[in-house]
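Report on the structure
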Amino acid sequence: MAQLQQNSLCCCRKSRPSSGGSCSESGRPTVRPQARKRHLVDVASASNFRCFVLRHFHLDLRLNFAMKEISGWLVLDLVPVESATQTLVLDCHPSLLIHSIDCKVPEAGRPEPTSLTYRVDPFTDYGCVLRISLPAAAARPDRLIQITIRYTTTDGPAIWWLDSELTCGQSGPLVFTQGHSVCNRSFFPCFDTPAVKSTYTASVRVPEGLTVLMSASKSSYSTLDRVFQFSMEFPVPSYLVALVAGQLQHVDIGPRSRIWAEPCLLSCAVAKLGGSVDRWLSVAEDLFGPYLWGRCDLVFLPPSFPIVAMENPCLTFIVASILESSDFLLIDVVHEIAHSWFGNAVTNATWEQMWLSEGVATYAQRRITSRAYGEAFTCLETVLRLDALRRQLRLLGDDSPASRLQVEFESGVNPSTLMNLFTYEKGFCLVSYLSQLCGDVQRFDRFLRDYISQFKFQSVVAQDLIDYFLSYFPDLQSQGVCLELDRWLHGCGAPPYEPDLSAGSTLTSPVQELCDLWRSGASTDLQAVRTFDLSAWNSFQIVLFLDRMLDDAPYSSEVMSSLSSCYSSLFDGLNAEVLIRWLQLVVRSRFWPELPCVRAFLQKHTSRMYTVPLYEDLVAGSMRTVAVEIFCQTRHRLHPNLRRALQQILFPAGTEPSNQNASVILAPPPAPASSDAGVSA
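Residues numbered from 1 in each chain as written. Predicted model: local features only at pLDDT ≥ 70, side-chain atom pairs only at ≥ 80, totals over all residues. Heavy atoms only, no water.

Here's the deal with the sheet that holds strand β12 (residues 174–177)
The strand order across the open sheet formed by four strands is β11-β12-β17-β14, and the pairing between neighbours is antiparallel. Two strands bound the open sheet, and with one partner strand each, they are β11 (159–162) and β14 (211–214). Within this sheet the neighbouring strands show an average axis-to-axis angle of 10°, counted without direction. In terms of strand pairing, β14 meets strand β17 (residues 243–246) through four bridges, oriented antiparallel. By the bridge assignment, L213 is partnered in β17 with V244. (Pairing = 2+ DSSP bridges. Helix = DSSP H or I, 4+ residues; strand = E, 2+ residues; numbered from the N terminus. Axes fitted to C-alpha atoms, helices over the stretch in contact; angles between N-to-C directions.)

What to know about helix α14 (residues 557–572)
Given 3.6 residues to a turn, an α-helix orients residues that are three or four positions apart in the same direction. Between the first and last C-alpha of α14 there are merely 20 Å, a value that for 16 residues lags more than 12% behind the 22 Å anticipated at 1.5 Å per step. Most pronounced at C566, the bend in α14 amounts to some 50°. For α14, the complete set of buried residues consists of V559, M560, S562, L563, S564, Y567, S568 and F571. Of the surrounding secondary structure, the elements contacted by the buried residues of α14 are α11 (505–518), α12 (526–529), α13 (539–551) and α15 (576–588). (Expected span 1.5 Å × (residues − 1). Bend = angle between axes of the 7 residues up to and from the residue. Buried < 20%, exposed > 50% of the residue type's maximum accessible area, 1.4 Å probe, protein only. Contact = heavy atoms within 4.5 Å.)

Some remarks on the confidence of the model for the protein
Taken residue by residue, the protein gives an average pLDDT of 90. The fraction at 70 or more is 90%. Per-residue pLDDT stays below 50 along residues 1–26; that stretch engages in 57 contacts with residues further than four places along the chain or on separate chains. (pLDDT = per-residue confidence, 0-100.)

A word on the environment of S115
Note that S115 resides in strand β7 (residues 110–115). Separated by 19 residues in sequence, S115 and L134 have C-alpha atoms that sit 9.6 Å apart. Leaving out residues up to four positions away in the same chain, S115 has contacts with I101 and D102.

Concerning the packing of helix α17 (residues 608–620) against helix α19 (residues 640–650)
Put simply, α17 and α19 touch, their axes get as near as 10 Å, and they point 10° apart. Classified by the angle their axes make, α17 and α19 are roughly parallel. The element α17 and its partner α19 pack so that their crossing is right-handed. On α19, the residues that touch R608, T611, V612, Y615, E616 and V619 of α17 are N641, L642, A645, L646, I649 and L650. Grouping the amino acids of the contact of α17 with α19 by side-chain chemistry returns eight nonpolar, two polar and two charged. (Parallel < 35°, antiparallel > 145°, perpendicular 65-115°, else oblique. Left-handed = near helix turned anticlockwise from the far one by under 90°. Nonpolar A, V, L, I, M, F, W, Y, C, P; charged D, E, K, R; others polar.)

Describing the packing of aromatic side chains
The description of two aromatic rings rests on the distance between their centres and on the angle between their planes. Counted according to the given criterion, the structure contains 44 aromatic pairs. With 4.9 Å between their ring centres and 65° between their planes, Y239 and W351 make a pair best called edge-to-face. Here Y239 is found in the loop between β16 (227–236) and β17, whereas its partner W351 is found in the loop between β23 (346–348) and α4 (355–373), with 112 residues between them in sequence. When sorted by exposure, Y239 lands in the same class as W351, which is buried. Consider the rings of F444 and F469, whose centres lie 6.4 Å apart with planes at 65°: the pair is edge-to-face. Remark: F469 occurs in helix α8 (residues 462–472) and F444 occurs in helix α7 (residues 441–455); sequence separation between them is 25 residues. An identical accessibility class is assigned to F444 and F469; each is buried. Positioned above the aromatic ring of W73, the side-chain terminus of R150 is 5.6 Å from the ring centre. The residue whose ring lies beneath R279 is Y373, and the NZ or CZ to ring-centre distance is 5.0 Å. (Phe/Tyr/Trp six-rings, centres within 6.5 Å; stacked < 30°, edge-to-face > 60°. Lys NZ or Arg CZ within 6 Å of the ring centre and 35° of its normal.)

Points about the state of the cysteines
For the coordinates displayed, the defined rule picks out zero disulfides. Cysteine C264 remains unbridged, with the sulfur of C168 as its closest cysteine sulfur at 5.4 Å. Its relative accessible area of 45% is what places C264 among the partly exposed residues. (Disulfide = S-S within 2.5 Å.)

Observations regarding the pattern of salt bridges
Between side chains of opposite charge, a pair can form as their charged atoms come close. Taken as a whole and assessed by the stated rule, the structure comprises 29 salt bridges. For D121, the salt bridge identified is with R131, shortest N-O distance 2.8 Å. Residue D121 is located in strand β8 (residues 118–124), and its partner R131 is located in strand β9 (residues 127–133); the two are separated by 10 residues in the primary sequence. Here R443 ties to D475 by a salt bridge, and the two come within 3.8 Å at their closest N and O atoms. Of this pair, R443 sits in helix α7 while D475 is found in helix α9 (residues 474–478), placing the two residues 32 residues apart along the sequence. It is possible to trace a salt-bridge network through shared partners that takes in R366, E381, R385 and E425. (Salt bridge = Lys/Arg side-chain N within 4 Å of Asp/Glu carboxyl O.)

Side note on the packing of α11 against α13
Packing of α11 against α13 leaves a shortest axis separation of 9 Å and a crossing angle of 35°. You can see that α11 and α13 cross each other, and the crossing is right-handed. Of the residues in α13, those touching α11 at L507, T508, V511, Q512, L514, C515 and W518 are Q541, L544, F545, R548 and M549.

Observations concerning the environment of T114
As for its position among the elements, T114 is in strand β7. Separated by 33 residues in sequence, T114 and I147 place their C-alpha atoms 9.5 Å apart. Each residue touching T114, except ones within four places of it in the same chain, is listed here: I101, D102 and C103.

Written out as C-alpha cells, the structure reads:
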C-alpha cells in the first residue's frame, strides 16, 4: 500500500501537525485538540459562537396547553473571547416572539439590568438570526455577562403539542420537544450548533395533574409552587435539551433506570424492558468505561413522535409504536444507550460529520449486542441494515453525493435532510475497518474507552478521532498502512470495506434459501417451502426475508396467493415491522384479496414510520383511491405534521377534494391485464 499522506487525513480543512500525540503518565497517548473552534465553520448556525464561551444557561418556562404556547425567559451566562465583540448573534426562529432582552455585568458593579436593542434577520427556512447589541461594559474579554431574553413560543418545529385524542390513553394533552438537529432554535434562542456545550438548569410550570420531564441529571418538584426544577450538571449541546409534559407515570426497573409512559402503556413497557436496561448499561461500561450521566431513564411517547428514538441524555425518548416489535425495541434502546458515550459524551462538532456520532454509536451498539446476545444475532441485524444500505444505493446511484460519509453542504440546507443510512452504516463500516486494522477487537475496545476518557464532554471533528487513533497505534504508521481517509469520507458509493458477517450464516442462510425458492416463480416447490418453519424464526429473519422478497416485487397473483396461504395468518399475529413489509408486498403486487389488511393496518397505526411507506406504495401503484379513502377516515387521528406529509403524497398538486371528510366509494377493482403486471415501487 502507498504511504499514508498526512494531508489527506484533513477533515477540518487544515493540515495535521507534523508530530503525533504525547504520552500521559498513564501511558495512554494524549492528543490535545487543536484550537479548531476558533476556525470551525458550522453553516447550519448563524450565531457567532466562536466569540463567546457559554458557561451555563437557565430556562424559566410556563406551559399553556390551551394556547399551545410556552412563555418565559432564558438567561445566558457568557464570557466574551475578544474585546472587539459588540454584538451577540444567536440562532432563533420566526415562531419565537421576543418580548425584551436585557444584560447584567456582575463584575461591573451594576446590579440593575440594562435593556438591549436587537433585531431579527432572515437566515434559512429552518431559522432566523437574533442580533443583540451589547453595551461597552460587556465587551471586555474574560468578564461574565448575563443576557436575559423574554419570549413566547408559537408553532415552531421543535415543539409538538398533542391534543388528548392524539395520545395513547386519550385522557389528556401532551407536549414534547424534538431538537435534533437544528430545531431547538424554535424552543429557545441559542448557539444551535453541536460545537457548543454547556450545563443548564430549568424551572417549568404546568397545569395541575401533569408531569414534566427533561433531559437533566437532577430533578425535583415543589408541591407548594407546582414547579418542576431541573439541573443538567454535564455540558450538552443545544439539540440534546428536551422536554416532555403530560399524564406520565413511572416504574423503576433498576438502580439507575426507570420507565416513564402514559398509564395505559406502562405495564407493557416494563414487561418488555424490565431488567434489560441495567444489563445493557453494565455491558457498555465494561466495553467503553463508566456511564457518565447518572440516570438512564426512558419515556415512551405517542405514535406522533416523528422518529423511532432520540438519545436525549438521562432521558431517552422512544415512540410507543415500537413496543410490539421486541427485537427492534432491543436494538433501538441499545443504540440510544451507545449514544451515551458516542454522540452525547463525545459529539460531532458539525453536522457534516454526523457519522462521528451515528456511525461510532452503531459500532458500539453492535459490540454491546455481541456481548449480550452473541455474534450470530448481531451479524443478522447487521446484514439486514447493510442490505438496506445497498438498496438505497441502487436507488440513488453509485455516484450520488448523498452516499458520501462526510457531506459538505451549503448554507440553507437543513442538516436533517443529510441523515440517511450512509451516516449510520458507512460510518459503522469505517469504524469496523479501523478495528480490523488494529488487529484485535478487544484492543480496539480499549482504544474507544480511552478515546471517551480523552474527549468526554467535548465536541470533535474527524481529525481528532484519526489523530488519536494514529497516536494510539503508532505501529500502523511505521508499517506504512494506508487509511484511505479521503476515499472513506469523501468518496461516493458503497463502503470500501465491510466486516466479516459469516458468524450470522446459521440465521441468514435459511432466509436466502427460502427467498430463492419463492423467486423461482410459478414453479415454486411448495413442499420444499413448507419445510421452513417461520414461526421459529426471530423478527429480523422474517424481516430480512420480506425485504429481499420486496427487492423483486411485484409478483404474479399465483405467487401471492401461495405466499398468502403459507404466511398471511402468521404475519397477522406478528409485529408491525413484519406486517408493514408483508403489506408493502401486497400493495406492490396489487394483490386485492389482502387489501382489507392494508386498510386495517393504516386505521390502527398513526406513526410516520408505519404510514408513509404504505401510502407511498399505494399512490405509486393503482391503489391511490384506496389511499385517499383511508386517509379521509383517519386524518383526525394524525398529527398535523404527518397529515401535511401525507397530503403532499396523496395530493401533490393541490388536488385535495374540498369535502375531505367524505368517504370515497370504491368500485370493485378490474381484473389485471396479466397475472404478473407490476407497479412502480
